[in-house]
Amino acid sequence: MGQRKLISGNHAIAEAAIRAGCRFFAGYPITPSSEIAERLAELLPQYDGIFIQMEDEIASMGAIIGASLTGKKALTATSGPGFSLKQENLGFAIMGEIPVVIVNVQRGGPSTGLPTFPGQQDLMQVRWGRHGDQEIIALVPDSIQESYEFTIKAFNLAEQYRTPVILLTDEVISQMKEQIEIPDDVEIIDREFPSVPPEEYYPFDGSKGLVPPLAPYGEGYRYHITGLAHDKTGFPSSNPKVVREQLERKLNKIRKNRDEIVDVEEFLLEDAEYAIFALGSMARVAKQVTLDLREEGIPIGLLRPLTLWPFCDKELINYAKKLKHIFVVEMNFGQIVGEVERYAGKYTKVDWYGRADGRLIPPREIKDFIKERIHEN
Amino acid sequence: MGQRKLISGNHAIAEAAIRAGCRFFAGYPITPSSEIAERLAELLPQYDGIFIQMEDEIASMGAIIGASLTGKKALTATSGPGFSLKQENLGFAIMGEIPVVIVNVQRGGPSTGLPTFPGQQDLMQVRWGRHGDQEIIALVPDSIQESYEFTIKAFNLAEQYRTPVILLTDEVISQMKEQIEIPDDVEIIDREFPSVPPEEYYPFDGSKGLVPPLAPYGEGYRYHITGLAHDKTGFPSSNPKVVREQLERKLNKIRKNRDEIVDVEEFLLEDAEYAIFALGSMARVAKQVTLDLREEGIPIGLLRPLTLWPFCDKELINYAKKLKHIFVVEMNFGQIVGEVERYAGKYTKVDWYGRADGRLIPPREIKDFIKERIHEN
Amino acid sequence: MRHEIQLVGQGGQGIRLAGAILARAFGIYDKKNIVETHLYGAAARGGLSESELVISDEEIYYVKVQNPDVLIVLSQRAYDDFSEPVKNSGVILADDFYVKNFKGDDKRLTLYPLTRIALDTTGSLIAVNVVSLGLISALYSVINVESMRKAIRDLIREKHLSKNLEAFEEGYKLGDNR
Amino acid sequence: MRHEIQLVGQGGQGIRLAGAILARAFGIYDKKNIVETHLYGAAARGGLSESELVISDEEIYYVKVQNPDVLIVLSQRAYDDFSEPVKNSGVILADDFYVKNFKGDDKRLTLYPLTRIALDTTGSLIAVNVVSLGLISALYSVINVESMRKAIRDLIREKHLSKNLEAFEEGYKLGDNR
Amino acid sequence: MKTELAKKYLRLEKLPTLWCSGCGHGLILSSLLRALYLLNIEKDKVAMVSGIGCSGRTPGYVDVHTLHTTHGRAIPFATGIKLMKPEFYVLAVMGDGDCAAIGGNHFIHAARRNIDITAIVYNNGIYGMTGGQVSPTTPYGAYASTAPYGQLEEPFDIVELALGAGATFVARSSIDEIPKLDRLIADGIKHKGFSVIDVITICPITFGRRNKLGEDPMMNLRWVQDITVPMKKAKDMSKEELKGKWITGIFRDEDKPNLIDLYLELNKKLKHSMVDESSKEGVEDVRRQDET
Amino acid sequence: MKTELAKKYLRLEKLPTLWCSGCGHGLILSSLLRALYLLNIEKDKVAMVSGIGCSGRTPGYVDVHTLHTTHGRAIPFATGIKLMKPEFYVLAVMGDGDCAAIGGNHFIHAARRNIDITAIVYNNGIYGMTGGQVSPTTPYGAYASTAPYGQLEEPFDIVELALGAGATFVARSSIDEIPKLDRLIADGIKHKGFSVIDVITICPITFGRRNKLGEDPMMNLRWVQDITVPMKKAKDMSKEELKGKWITGIFRDEDKPNLIDLYLELNKKLKHSMVDESSKEGVEDVRRQDET
Amino acid sequence: MKNKFIIKINEKWCKGCNLCIEFCPKNVLELKDAKAKVVSPEDCIGCYICEYRCPDFAIEVNKVEEEVPVGSEKTNKR
Amino acid sequence: MKNKFIIKINEKWCKGCNLCIEFCPKNVLELKDAKAKVVSPEDCIGCYICEYRCPDFAIEVNKVEEEVPVGSEKTNKR
Ligand SMILES: Cc1ncc(C[n+]2csc(CCOP(=O)(O)OP(=O)(O)O)c2C)c(N)n1
Ligand SMILES: Cc1ncc(C[n+]2csc(CCOP(=O)(O)OP(=O)(O)O)c2C)c(N)n1
Ligand code: SF4
Ligand code: SF4
Ligand code: SF4
Ligand code: SF4
Ligand code: SF4
Ligand code: SF4
Ligand SMILES: [Mg+2]
Ligand SMILES: [Mg+2]
């Protein structure tokens, strides 16, 4: 059995990163994420890795992309304001198909907002924060255990799909301490090495699959990467057919693999007539609400996305068809409810409860809301 | 009758800005927006205004906020990569409720993408690009005439609602030339001056309406603005009730006034059974398609949002209830279709056609697509 | 059973360390499920300091304290702002040095000379945290005092350890006597 | 009626200026609706240069040229890449100095010594743009030659004007003669 | 006494400040207020702009036009204000991280432009607000939460950086040089053009504690005395002796046209000489556009 | 001949370059390749990183590991590469806007850190790629599309800026100093630590044309001859005479520990001396966390 | 004509940082209950050091010239 | 033993910028049809200036030592 530990979410992320094989961290301090950096500043040099505090978040994002190209796994961590600054270079990583992991520990927003309080207000930004069409993978833990496991999963997905992955946590999950069990065995996925000799290698060649291998620097494969639209060789092209093919492949490697990537937790849904849809720290609150309502005889369950993006549209629709009513609960002023309405709205009633004032919404409030809505019908 | 001119979209924006009373421009060059800056570099000094090229887009965004606080109207212009960089300070302007206008001339993305080709790939970024909950106003012209008029409207809305407004255009509309008629009279709205003496002035006091007046610097009103959550005085507060009230007011001044703000064009919709939903340069293509299909006897029309955000949900639903089928056409890989599905999906069929390869999608392609879908049913 | 313990005071009273000790005692030595959260404000020093603990044999979903079983208040403001939600059956343990004004007649409240004991045994104000821990270890049956001692040994630096253990025992006596 | 005119060549042949002159002649003097768009590539000089014009009495919705009525090609690459979409009833006017290889037997195509005339009348390659404008003014009835002359006067700098007008007339003669 | 008089610039109801006991930032604020008082500046003519950090709390306490912007961006916001309000005194107060890490670019560009803003750097060599991470002025070898084995990077010399970027008034002082600092800040404010005052200060809580100075403000202040050397004295010291020391004094005080004056001049010139022809005829812009 | 041999570093199939006829950027590229040739550097040990701009096209032509990043960000990407591949020669090629406008902060921080990267600035005093807007090195009074009445701001002196920021190798040259430039670049590459080579170059198309030099490369090159002065000669010139001139030569060449070596040393030390106790026990991190 | 100095400490603002106390050349001040206190006002020489060294606007020194009668506007203001 | 120099111009790469021509001290080169051309190869003194001044890798100067027989590997390579 694995080792038992009592640590914070931020420290769990740092330690899991080491476990996942991360050997480079570049970041810029920001509450409530800084402990990830601080812990890695201690750990990385012990594992022959490198920790660097850069001059800002833009530089941090650039540095981890550079580091990843050498074949190493690289991480950065930030919170809202810093995440906003990273968008341009994050878009570059998506365009260049460079595996990196970005932690966004959500705090209350907008703007400088409430630095020491939680929020779930960057859900849509994660998906749409950048110019240009892009797909992104984002994982949302609701415990320290998951903070650890999803960190490893984030690195795995990044390597497997050759793409940036966001670990989207929040102030509650990152700052609180609870026990976790460090698993003895974890699966670690490393990026594929090209199977062809350098002369035949094209870094964006989709002919053999949606995810072309990425050759690490210094192994005889000398190629070009640009943020410009490019062809399979990596060199710029504005030929509409080429542009489209490349971009579609980049989108499709996520879209077409969504079944492999998307994961949800189904909590007491089997016989449910109602369901809450919630994620991250609010999903924990929702579990409490579910149990409480069940005690009162209401057949309710919880559908919790573990991967926020790609969105769990299929899983949701599947339940929507069976359910009388879905209650979306989030710590913001209306974000993921839009997606739920888009997919479930045709099949069932969708209601929303949420707000963002820096505090977890307590179970009672949600319970009252749901009961009222159920009785209205 | 107004003066007739033959100018490009970018120049129309620059000239309209002067007309709207803009006296400050801070920007950073980027294709295909640079002519806006270049023209204002010529014009502003002639109108006792100031043009400054800043060191980057972040600084440009900061500078126009500073300038606006002095009571002057201020503008910046950019394209995708620069727009991504502006997000953090744009969020500050929303939080601080500071009127400014930002032009985003969309080019092909993602990343550096296709600098000299058009795209409609920042539609969702405009809405969701920042951390924290925010509402934004975004106008989308489809001609040079509208580029001129919407620029003035953007300044008016910014002043009226004390909020940043985005003028979202694209490479086609910004670079092409066509005739416009400069209207003789235009309505110019200036921000409200406080009606109370300085001692009684609170810059975020929502008690008298959703939009508190903003006192210009140097008139005896000395107040504080911060990006932190704050109370009506502008000073930081983390009191959940205060935080929530303030944030809700900021959101509601857009949400509750959506009927005043939202505008759509209804093109041949009166007797339509089908409709295209398209905007900006693609709406012009869609108009051609509509006319062509009408000639073939298909009763189709076009619903075109002039304000992309807030979204024209009501107007759309209204038509969705009557229509057999809505065809969303956009120059990207699926963005605004999500909103259309969310609101119209319950009432009618929604289909999507789009792509982004740097070229306007020609009418024939869209026509074929629509006819095929109609016949399938 | 879900138990909720909350400690509130100001910066410099070792509140967060006390929370960590409790967390460790329950979480590591007693093998209960625990979640520790805390408030930390804008001020680095002198501001409010808070730590809260949810303890349970089952899984803990809602991680924040709602109606504490035990609330320790080490400052007036802590008492003013945090006493209300405490369960009717719960207890409020207040430091008699800092907490002087009370709202009406509160049956949940008891005053203890925590700060004075801290000063007497260690000469330092900060030891008020371990004194408080000693007190609740005696008063509150879910707490295993041996685990607490172990957790203190784990988390307090060598050079302060013996003084702190002494203070802990003094606190314990305070509770045991009553 | 919708008319589509497209000019393609390389940087340094004044393509964009020619497009602007056409746009001005139609748009300002003839009061037609026009839309002028253009391609501009990554290279500042030496790359492809293109300007296209849609002219109509009605509103112009689709702003790009689809099947040009008139295509002027001033480079081989221009011919290779842009001739295909030209209407069957349309014309391709090619410069015989730069365009040398043709695909099969193209009835739409006619060769003209545009560059040579430009060199002869002005001594400069760049005047090929106004020569071309002269040519199409003669060939293409929708074009009002007086408006073209006015537009040239508006847009060409004083010191180059007379030479350019001369080149324009030479181009006009070239079309008128046939 | 002077302090008392300078208190007219305070928002009294906002005090006590949120800074920790003995935080050096308060000393800079009080110097700053006395400088305003010395110059007898009207409150309504002052804008004070900050970024984010403990230093960024400053504007909240001062009864002028105050703006607490985003981290590192005080100067761009200040630039917008100054350009539209040339008659204003515009002060940018920044932490060392704020000014020289994330905000470094704006800082050097303001210096280059010689825009008439006064930049005051609260240089405690650490990120106070976020809990003690290294800053670009953390001394080599010092400990910080993100330098648990000691900082490996060399610090910026803010003065050198400002000089290299072209600032026209550049000075350094410390919280141990009060009331000299009052004068220095006043000189900076009076200076027409970009002025920089780098003030060496202390953060006992996040720097002192990790670096064997403890949380005692006095210990930390003694360290400031240790590492600062007045310019006069420095002249007689060897390079070796000066290693790790910050020299205090005025490094540059230069009269040069400042950006605002140049702008105003241009606008005046244009007002009398020209009207844009294109706005009449739509000609010039066609020509222009075709050129690019 | 040398050029021919240096062509082994070219991606021949990518030529001719997309640069305009007579663009100075090609001259810098050829110097750069000869420098690699001079040092006999293995292609597989070189990473060349650029931002966006005409200068940013450089990596596309060079047969090494090449990365065309976002505008202004060459150095951060290069930093990540260098830190993970200490044995690599990492070159950052940047335009003046790229390096000193949007990228200014990264530039000064790399200098401060003394990270072993070679920065080559293609300094044409203009934004070539976007059509001739002012750059931070546009001379005072020069015309540009965003300075139709002449530039009102003073330019950066890239050398002064680099020196002020702490760079350990700082030199300036021009495209009129070839083949001297080859050597200089080679020196920069060899230098262990951050090296800066500011190369004055020309953009006839967007700068020349607007500034009475026309599009003729020769005219533009003569202007470079005019405005550059070798260090030796400059010593005998007055301040007045040097106004508006760029001095060429090596300004600093200093031996100082560079960041990579410091990191490697630390890692080596740690490897032999410690294991993180907390990973065994979960104790240390509780304690640690409670401290902040 | 000896000057007198009135030292005023604003306890609400004083954070007990000790700086004024450490710097006072005449040991006029002392720390009590985490606040600065004036213990020997008569020793004060009016050097203003305490005022200048206080980071919290919490201590002020005012000269009272003997000729100014107590109760005049000047002293009363405080 | 006089050296000979072979000047090779790659017309595909030459952009006719004129720089080599302007700088050649011996007027060996000329611009024709927008490309550099060698017009008087015999005057070349092998100073390599043209090569160093070309921004486009389009001109190369190679010394042919007289003793090397034509057809040897060394000259053939070109
Ligand atoms: C974009 C962004 N990144 C990071 C932060 C977090 N942050 C707030 S203050 C600060 C640094 C504070 O240090 P300094 O500027 O030296 O000021 P001090 O607190 O020391 O006065 C940081 C990194 C932020 N608010 N925004
Ligand atoms: C974030 C961002 N802002 C602006 C641009 C547009 N842009 C591309 S290159 C460039 C400047 C080019 O000038 P310089 O760096 O001097 O290089 P040059 O072309 O002169 O070699 C600009 C502003 C961009 N690509 N990205
Ligand atoms: S953390 Fe440091 S800088 Fe911030 S207020 Fe406290 S002592 Fe001052
Ligand atoms: S625009 Fe200027 S910098 Fe760019 S390639 Fe042409 S000449 Fe060179
Ligand atoms: S004025 Fe001088 S002597 Fe008097 S209390 Fe203050 S420091 Fe001491
Ligand atoms: S210096 Fe000020 S805050 Fe510190 S002890 Fe003295 S009066 Fe109090
Ligand atoms: S080598 Fe010298 S002499 Fe010979 S062609 Fe070149 S420049 Fe002229
Ligand atoms: S320098 Fe090079 S590109 Fe220019 S003309 Fe000579 S060979 Fe051609
Ligand atoms: Mg600091
Ligand atoms: Mg440049």
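Residues numbered from 1 in each chain as written. Chains lettered and ligands numbered in written order. Predicted model: local features only at pLDDT ≥ 70, side-chain atom pairs only at ≥ 80, totals over all residues. Heavy atoms only, no water.

1. Considerations on the coordination of the magnesium ion (ligand 10)
All names here are of chain F.
Here is step 1: Only D96 (OD), N124 (OD1) and I126 (O) from the protein reach the magnesium ion (ligand 10) as donors, at distances of 2.0 to 2.1 Å.
Here is step 2: Look at where the donors of the magnesium ion (ligand 10) fall in the sequence and you get D-x27-N-x1-I.
Here is step 3: Residue I126 is classed as buried on the basis of its relative accessible area of 1%. (Donors = N, O, S within 2.8 Å, 3.2 Å for Na, K, Ca; no water. Buried < 20%, exposed > 50% of the residue type's maximum accessible area, 1.4 Å probe, protein only.)

2. So, the site of ligand 3
Here is step 1: With respect to spatial proximity, eleven residues lie near ligand 3, and among them W19, C20, C23, C54 and C203 of chain E are the closest.
Here is step 2: Taken together, the residues of the shell around ligand 3 break down into eight nonpolar, three polar and no charged. (Near = heavy atom within 4 Å. Nonpolar A, V, L, I, M, F, W, Y, C, P; charged D, E, K, R; others polar.)

3. Examining the pattern of salt bridges
Here is step 1: In the structure shown here, the tally under the stated rule is 132 salt bridges over all chains.
Here is step 2: For R108 of chain C, the salt bridge identified is with D106 of chain C, shortest N-O distance 2.9 Å. Across the pair, exposure class does not vary: R108 of chain C and D106 of chain C are buried alike.
Here is step 3: The shortest N-O distance in the salt bridge between E153 of chain F and R112 of chain E comes to 3.0 Å. Of this pair, E153 of chain F sits in the loop between β4 (118-123) and α6 (158-165) while R112 of chain E sits in helix α5 (residues 104-113), which puts the two residues in different chains.
Here is step 4: With relative accessibility at 5%, the residue E153 of chain F sits in the buried group.
Here is step 5: Among the charged side chains, a salt-bridge network with shared partners connects D142, E146, E265, K287 and R304 of chain A. (Salt bridge = Lys/Arg side-chain N within 4 Å of Asp/Glu carboxyl O. Helix = DSSP H or I, 4+ residues; strand = E, 2+ residues; numbered from the N terminus.)

4. Observations concerning the arrangement of the chains
Here is step 1: Of all 14 pairs of chains in contact, the one with the most contacts involves chains A and B.
Here is step 2: Here chain A and chain H are not in contact; the least distance found between their C-alpha atoms is 19 Å.
Here is step 3: There is no contact between chain B and chain H; across them, the least C-alpha separation is 24 Å. (Contact = heavy atoms within 4.5 Å.)

5. Here we look at the domain arrangement of chain E
Residue and element names in this part refer to chain E.
Here is step 1: Domain annotation of chain E identifies domain 1 (2-256) and domain 2 (258-292).
Here is step 2: Facing ten residues of domain 1, the contacting portion of domain 2 comprises five residues.
Here is step 3: Taken together, both faces of the contact between domain 1 and domain 2 bury some 580 Å²; the carbon and sulfur share is 74%.
Here is step 4: Between domain 1 and domain 2 we count zero salt bridges in total.
Here is step 5: The interface formed by domain 1 and domain 2 contains two residue pairs in polar contact (both at pLDDT 80 or more).
Here is step 6: Its residues assigned to classes, the side of domain 1 that touches domain 2 comprises three nonpolar, two polar and five charged. (Domains from an automatic or database assignment. Buried area = accessible area lost by both parts, 1.4 Å probe. Polar contact = N/O pair within 3.5 Å; in protein donor to acceptor, adjacent residues only side chain to side chain.)

6. What about the relation of the copies chain B and chain A?
Here is step 1: Expressed as a screw transformation, the operator carrying chain B onto chain A has a rotation angle of 180 degrees and an axial translation of 0.0 Å, and the superposed copies differ by an RMSD of 0.0 Å. Such values leave the two copies arranged in the relation of a two-fold axis.
Here is step 2: Both copies contact each other with a shared surface, as 100% of the interface residues of chain B are interface residues in chain A too. (Least-squares fit on C-alpha atoms with pLDDT ≥ 70 in both.)

7. A closer look at the sheet that holds strand β2 (residues 33-40) of chain C
Here is step 1: Spatial strand order, β1(A)-β9(A)-β2(C)-β3(C)-β1(C)-β4(C)-β5(C)-β6(C): eight strands in an open sheet with mixed pairing. Only two strands of the sheet have a single partner each, and these edge strands are β1 (3-8) of chain A together with β6 (109-112) of chain C. Mean inter-strand twist for the sheet, computed between neighbouring axes without regard to direction, equals 20 degrees.
Here is step 2: Relative to β2 of chain C, strand β9 (residues 177-182) of chain A runs antiparallel, the two being bridged by two bridges. Bridged to E178 of chain A within β2 of chain C is V35 of chain C. (Pairing = 2+ DSSP bridges. Axes fitted to C-alpha atoms, helices over the stretch in contact; angles between N-to-C directions.)

8. Some words on the interface of chain B and chain A
Here is step 1: Taken together, the contacts link 55 residues of chain B with 55 residues of chain A.
Here is step 2: For chain B, the biggest contributors to the area lost against chain A are W128, H131 and F333 of chain B; these three give 16% of the whole.
Here is step 3: The interface formed by chain B and chain A contains two salt bridges.
Here is step 4: The partner of R342 of chain A in a salt bridge is E341 of chain B, with the nearest N and O atoms 2.7 Å apart.
Here is step 5: Counting across the chain B and chain A interface gives 32 residue pairs in polar contact (both at pLDDT 80 or more).
Here is step 6: Elements that contribute at least two residues to the side of chain B that touches chain A include exactly α4 (80-96), β6 (114-118), α5 (123-128), α8 (240-255) and α12 (337-344) of chain B.
Here is step 7: Ranked by the residues each element gives to the side of chain B that touches chain A, the list is headed by α4 of chain B, at nine residues.

9. Quick notes on the sheet that holds strand β11 (residues 264-267) of chain A
Strand pairing in a sheet relies on backbone hydrogen bonds. The paired strands run either parallel or antiparallel.
Residue and element names in this part refer to chain A.
Here is step 1: Read from one edge of the open sheet, five strands run β11-β13-β12-β15-β16, paired in mixed fashion. The open sheet has two edge strands, β11 and β16 (349-354), and neither has a second partner. Adjacent strand axes in the sheet meet at a mean angle of 20 degrees, parallel and antiparallel pairs treated alike.

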